Every structure is written in C-alpha cells, then in structure tokens.
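Architecture at a glance
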Amino acid sequence: MNRAVYKYLLATYGRSVSLRVGMVGILAQMFIVRVYVAIVMAQIASNIAAGHLGNAKHLALVYLIVYIIGTLIGTIGDLLCHDGENRTYSQMAIRFHDKLINKDLSFYRDNQTGYLTSVFRQHVDSAMELLRFWRGEALGVVMSLTVPVIVLLVAAPKVGLAAAGVVIVQLLYIVWSSARANSYRKAAHEIYRRLTGEVSDEITNMVAFKSGGVEQVAQTTVRKLATEEAHLFWLRRRKATLYDFPRGVITAVGTTIAVYLVIDGASSHNPSSIGLIILTITYMFQIIRNVAVLPGLVLNHDDLVTKLYPTLQYQTDQYELIRDPVEPQELVVNRAAINFEHVSFSYASHSEKKARIPVFTDLNIHIAGGEQVGVVGLSGAGKSTLANLLLRFDDIEGGAITIDGIDIRNVRQTELRRKIAYVPQEPLLFHRSVRENIAYYDDTVSDAEVISAAKAAHAHEFITKLPDGYATTVGERGIKLSGGQKQRIAIARAVLKKAPIILFDEATSALDSESEQIIQRALPEIIGKQTAIVVAHRLSTIAGLDRIIVMHEGKIVEEGTHASLLKKKGRYYSLWQKQTRQ
Ligand SMILES: Nc1ncnc2c1ncn2[C@@H]1O[C@H](COP(=O)(O)OP(=O)(O)OP(=O)(O)O)[C@@H](O)[C@H]1O
Ligand SMILES: [Mg+2]
C-alpha cells in the first residue's frame, strides 16, 4: 500500500522542480535548528569551561549569522514548496477529474454520485496533505531522530548506541502498533465515502422521501453509517492509546541509560566533557520530545495513506473498455445511412453469478440515409439500448453498427456523438441557465440561434414567461421545470446541434397530449431531412414517419408504415387499438 502511494506521489509531486529545490532549503533550515544549535552550544560551553571566553563569543556570533541565513533559506524553500505544491495540486485535480469523467457509461451506472465525488475529494486532498505532512513536522521529526543519533555515535559511541536503541525500538513498536489499526482505518474511510454517497443520493431523491413521508428511513440509514464510522474511530483511537503506555516505559529506560553513560564518562577536569554533557542532554531531550509526537505522526501518516490508496484504483484502465481506435477514421457523413448488422449485446451484471443480461442476438436494422424511423415496443424491449449502442455508450459483442458504411468503432467517440442529436429518455439538464442548457457548452452560438431552436421545439413561449427568461436557472437536473418543459429544452438543444442524425428516446413522453400534438406536428420541421430514429410509447407521435419498427424482447417483430402495420392486424395494431381507445 505504502509503495503504491509513494510511487504515485513521486510521479506527481515528485516531478516538480520547485518542490525538490524547496525541500532542500527546508532541510537545510531544519538541520541548523535541530542539529547545529546543540553542537554550537556544546562548543561554547566547552570554551567557557576551558576559559576561552573570546572563542565562545566568536562562536555565538557565528551561530547568529548561520541561524539567520538558515531561516532565510528555509523561507525561500517554503515559498518554492508552496508554489510547486499548488501547481501540482491543480494538475492532479485536472488529471484525476479527466480520468473520472472519461470512463465508460457503465461506470457511472454502477457507482453512486456522492461516492465518486468523495473519492475525487479524498484523492486530491489526501495526496496534498501527505505531502504537507512530510514537508512540515514529519521531516523535522525524522531529522531530530536520526542526525543527533549519528552525531552522538561519533562524539560518544556508547551514548549514541543508547540513543539509537531508543529510536529504533520506538519506531518498530509504533509502526507495528499503527499497522494493527489499519483495518479500522480502511473501514472508516470506506464508510465516509458511503455516507457521502448516501447523503447525496437522498438529497437528489428528496422528493421520493418526502412524498412517501419516509424521511425517517433516510435518517435511520445515515444514523447507522455515522454511528459505525464513529465506533470505528473509537476502536482505532483506543488501540493507539493503549499501545502508548509501554512506549513511555521504553523511552524512560533508554534515556536514563544514555544519561548514566555520560555521567560515568564525565570528569570535572575535562572541559570537553562539559560540552558532551550539554550535547547529550540537548539531544536526548530532543529525542524524547520527538519520540513523543511520533505515534501521532505515524497515525496521521497511515490515515492519509489508507485514504489515498483506494482512490488509486480509479487511475487504472478499469471501466475503460470503450476506447477510441489507435488510428481513427474520419466519420464523413453524407447520407447518414445506419446499419445494425447481426448485432448481439448483453449488459454486464455485477451480481455474484457474473451472468450477463442478454438484450439482442443477431439484430439487423437497415436505415437508409434520410429515412425516418419510429421504434415502438413494450417497456424493456431494448429501445433505449438501441440508442446506447448507436452512441457507443456500450460496445456490442457481435456484429457491427455502421454509419454510411463506417464502423462506429473505427471513429473517435466524440466525433461520433457530435454527429448525433440525442434526446434521452430522461432529459439531462445542468444547474445553469436555460440559454446555457440549450447552447450546451457551445459559446459560439448566438442568441438568435438559441431562440430559433427554442421556437422550433415550442419552448420559446414558456421560456419567455420564466422569471428571467432565457437567463433563468433551471435547478439541479432541471428540477425547477416541469417534465414537459425539460423535454422541450432538450429538444431545442438537439435542434441547435444540427447533427446529421437525430436520435429521440421518448423525447415527448412527458408532454401533455396537447403539447405532444404540437410537437408531433412540428416533428417534420424539427427532424428536417435528416436520418432519424424516434423511440416513442405514444404511437401517434411516430405514425407519420417513413417506417415503424416494432420491437419485442430484443427482436424486431413487425415493421412497415403505419398504414401497412394497421392492415397487418398484429402487435402494432393491437397497441394502436389500446391507445386510441383511451
Ligand atoms: N445498465 C443496464 N444494466 C443492466 N441491464 C440493463 C441496463 N439497462 C437496461 N437493462 C435491461 O435491458 C433491457 C432493455 O432495456 P431498455 O432500457 O433498452 O428498454 P426500453 O425498451 O428502452 O424500455 P422503456 O420503454 O421502459 O424505456 C431491460 O431488460 C433492462 O432491464
Ligand atoms: Mg427506454
């Protein structure tokens, strides 16, 4: 775990030159403050003991200058580190975000929004914190526990050995005891992500809770998770605190041995032994103090590592099966003829059994350029799946889907999707203004174009009645609009896209019959002469199209014009009968 995390940190923060140089500056300052000070004080004491007062004063001045220079270097180092850190932080956030948004659609279907949001936060935050952790106290503690020991080993080997003993035994003990708590830590971080996921899922679906009068259920779930998180925290802390007692004993014994050794070797006639006493006492004091903060630091460190580690799995290629070809073909669309040739497809299931959910086997659909096809069928027939496959949100298992003879797997996904104006079953609106929702991240479109698209989708009228017209914010996922209004905005967006292929998946399902009729009449204008696939439950919507495909359980069971299908008196006929009778 540690190795993976540090490999990652080295590959990200480790690349920053300012950070590397800055670290050297900080180290230099630390050396002066934590190591050099004691040495110079010992030398001054020895000189005083030997009566060399002039030398002692001289050393004090040297100390002053060295300390000031050290502080200056440290300050510059700090600034450089901040600079490197900030730059790498934003790069990392961008890269991780890029990774998170470029997964296959199945990834977002399988994961909770809030969970992923907290993964994102935990990733960038804990990486940054881990770095700050080292730049800050941790590095100082490491220096205070290593360099003084080395100095003591040289100046008085026996004392040095006792000091080394204290440090090594302590370190082993702390690392061992902290590792005992790792399982609690991992579980606590996982619960944290789940709790965030749960809360965001609830807020998103608040209407469902409130309308059912079951807010209590939401409370119970969150209470359970929060209590569990707190309990794990307690277990972890209790363990750490209990492990602390033996540690204190080890420190006391070790330092007493070191001091005894100094006392034994001291002689009042030898001025240099005064220096050694001062050096030993200062260093031992420093070691005791730093050893005391060590458990907290190791705890903090392991905490950050266990937080960062699970987020690294999102850096892998998992859920990135749908890839652009190495040498993408250009998708030149002239007629926009669409062919599904012997297509077979099943959805992956993440159940224990790993069984797949079959939707199509050997599906063949041939749509000529400019042809406008309606798709009908009972719920679950595979209509939306058809749209998913054409957009390459999922990859087919057998056969091929082509546009003007070009296999959609041979072109860039963005290029493919730019050629298709898609209105999904559930209109997807952003928490932005109506205008932005229609223009859809395109800054180049003019207001006139937006308005003309809105008019075509019969949305202009209601938009102008909104409090701020086109500038009105629609709320998260368009919550401040009615279902039919959302759909009309989504249609306007599709109109504005001017793509050669139109793909409507129940684009008018939420409209009342009057608005639906208006849209239905406007459909020829909206679609124009483009190739279109229009999925609809309400048959009247698609009755006027060139051809109607009736799907049932992933198969085409009937196809033809509205009139010919009625004549057939088959499935379409009975659906039509049912709907017109209503
Ligand atoms: N992401 C998914 N994972 C697993 N199975 C899925 C997924 N999406 C759809 N399915 C299944 O695939 C089948 C076809 O679903 P699809 O959404 O294509 O139906 P549909 O014809 O659009 O239905 P509706 O009219 O209700 O929109 C259904 O059995 C459905 O349960
Ligand atoms: Mg559907």
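In what follows, the structure referred to is the one given above.
From a predicted model like this one, the values you see are computed outputs, not experimental measurements. (Residues numbered from 1 in each chain as written. Chains lettered and ligands numbered in written order. Predicted model: local features only at pLDDT ≥ 70, side-chain atom pairs only at ≥ 80, totals over all residues.)

Right, let's get into the overall build of the protein. Looking only at helices and strands, one finds 20 helices and ten strands in the protein. Compactness check: the protein gives a C-alpha radius of gyration of 35 Å against a globular reference of 25 Å for 582 residues, more than 25% above the reference. Seen along its three principal axes, the alpha-carbon backbone of the protein occupies a region of about 120 × 50 × 45 Å. In the protein, buried positions account for 32% of the 582 residues. (Helix = DSSP H or I, 4+ residues; strand = E, 2+ residues; numbered from the N terminus. Rg over C-alpha atoms; globule rule 2.2 N^0.38 Å. Buried ≥ 20, exposed ≤ 12 C-beta atoms within 10 Å, placed from the backbone.)

A separate point is the sheet that holds strand β2 (residues 357–367). Reading across from one edge, β2-β1-β4-β5 is the order of the four strands in this open sheet, with antiparallel pairing throughout. Edge positions in the open sheet fall to β2 and β5 (406–407), since each of these has one partner strand only. The sheet contact formed by strand β1 (residues 338–347) and β2 spans seven bridges and is antiparallel. Bridging from a neighbouring strand, Asn339 pairs with His366 of β2. Each of β1, β2 and β4 (398–403) is contacted by helix α11 (residues 383–390), which is oriented at about 110° to β1, the strand it contacts most. (Pairing = 2+ DSSP bridges. Contact = placed C-beta atoms within 7 Å. Axes fitted to C-alpha atoms, helices over the stretch in contact; angles between N-to-C directions.)

What follows concerns the sheet that holds strand β10 (residues 555–560). On the basis of which strands lie adjacent, the open sheet formed by six strands has the order β6-β7-β8-β3-β9-β10 and mixed pairing. Edge positions in the open sheet fall to β6 (420–423) and β10, since each of these has one partner strand only. Taking each pair of neighbouring strands and ignoring which way they run, the sheet shows an average axis angle of 15°. Bridge analysis of β6 against strand β7 (residues 501–505) gives four bridges, and the strand direction is parallel. Paired with Val423 across the bridge in β7 is Phe504.

Under the 1.5 Å per step criterion, the end-to-end length of helix α9 (residues 215–265) is 75 Å for 51 residues, consistent within 8% with the ideal 75 Å. At Phe245, α9 shows its maximal kink, close to 30°; a proline, Pro246, follows between one and four residues later. Here α9 has its buried residues at Leu232, Arg236, Thr251, Gly254, Thr255, Ala258 and Val262. (Expected span 1.5 Å × (residues − 1). Bend = angle between axes of the 7 residues up to and from the residue.)

On to the packing of helix α3 (residues 53–101) against helix α5 (residues 113–155). Put simply, α3 and α5 touch, their axes get as near as 10 Å, and they point 155° apart. Of the possible angle classes, the one that applies to α3 and α5 is roughly antiparallel. Note that α3 runs across α5; the crossing there is right-handed. Within the contact between the two elements, α3 uses Cys81, Glu85, Tyr89, Met92, Ala93, Phe96, His97 and Leu100 and α5 uses Leu116, Phe120, His123, Val124, Ala127, Met128, Leu131 and Arg135. (Parallel < 35°, antiparallel > 145°, perpendicular 65-115°, else oblique. Left-handed = near helix turned anticlockwise from the far one by under 90°.)

Looking now at the environment of Leu545. Mapped onto the secondary structure, Leu545 falls in the loop between α18 (539–542) and β9 (547–552). Counting along the chain gives 15 residues from Leu545 to Gly560, while the straight-line C-alpha distance between them is 10.0 Å. Beyond its immediate chain neighbours, meaning those up to four positions away, Leu545 contacts Gln372, Val373, Gly374 and Val534.

Here the focus is the site of ligand 1. Of all residues adjacent to ligand 1, which total 13 residues, the nearest are Tyr347, Ser379, Lys383, Ser384 and Thr385. For the shell around ligand 1, the element with the highest residue contribution is α11, accounting for three residues. Classifying every residue of the shell around ligand 1 by side-chain character gives four nonpolar, seven polar and two charged. (Near = placed C-beta within 6 Å. Nonpolar A, V, L, I, M, F, W, Y, C, P; charged D, E, K, R; others polar.)

With a phi close to 55°, His458 is a non-glycine residue in the positive phi region. If you trace the backbone, His458 turns up in the loop between α14 (447–456) and α15 (460–465). His458 sits in the partly exposed class, given 19 other C-beta atoms within 10 Å.

Another point: the pairing of β4. Relative to β4, β1 runs antiparallel, the two being bridged by five bridges. By the bridge assignment for β4, Ser344 is matched with Gly398. Sheet topology places β4 next to β5; two bridges connect them, and they run antiparallel. The residue of β5 that forms the bridge with Ile403 is Ile406. Remark: two residues form the turn of the hairpin made by β4 and β5, two consecutive strands paired antiparallel; Asp404 in that turn has positive phi of roughly 50°.

Assignment of secondary structure puts Val535 in strand β8 (residues 531–535). With 26 C-beta atoms counted inside 10 Å, the residue Val535 sits in the buried group. Beyond its immediate sequence surroundings of up to four residues, Val535 is in contact with Val375, Lys383, Ala387, Phe504, Asp505 and Glu506.

In a regular helix each residue adds 1.5 Å, so 24 residues correspond to 34 Å; helix α6 (residues 157–180) covers 34 Å between its end C-alpha atoms and thus fits that length. When α6 is considered as a whole, its buried residues turn out to be Val159, Gly160, Ala162, Ala163, Ala164, Val166, Val167, Gln170, Ile174 and Ser178.

The next subject is the nonpolar core. Among the nonpolar cores identified, the biggest contains 70 residues, and Ala492 and Leu503 are the most heavily contacted of them. For this core, the leading source of residues is helix α16 (residues 483–497), giving seven residues. Residues contacting Ala492, with those up to four places away along its chain left out, are Ile438, Ala453, Ala454, Ala456, Ala457 and Ala459. Ile44, Val149, Val159 and Leu276 belong to the second-largest nonpolar core, a separate cluster that totals 27 residues. (Core = buried A, V, L, I, M, F, W, Y, C linked by C-beta atoms within 7 Å.)

α16 packs onto α14 with a crossing angle of 125° between their chain directions and a minimal axis gap of 8 Å. Here α14 is positioned oblique relative to α16, judged by the angle of their axes. Handedness of the α14/α16 crossing: right-handed. Between α14 and α16, the residues in contact are Glu449, Val450, Ala453, Ala454 and Ala456 and Ala492, Val495 and Leu496, respectively. Class assignment of the residues belonging to the contact of α14 with α16 gives a composition of seven nonpolar, no polar and one charged.

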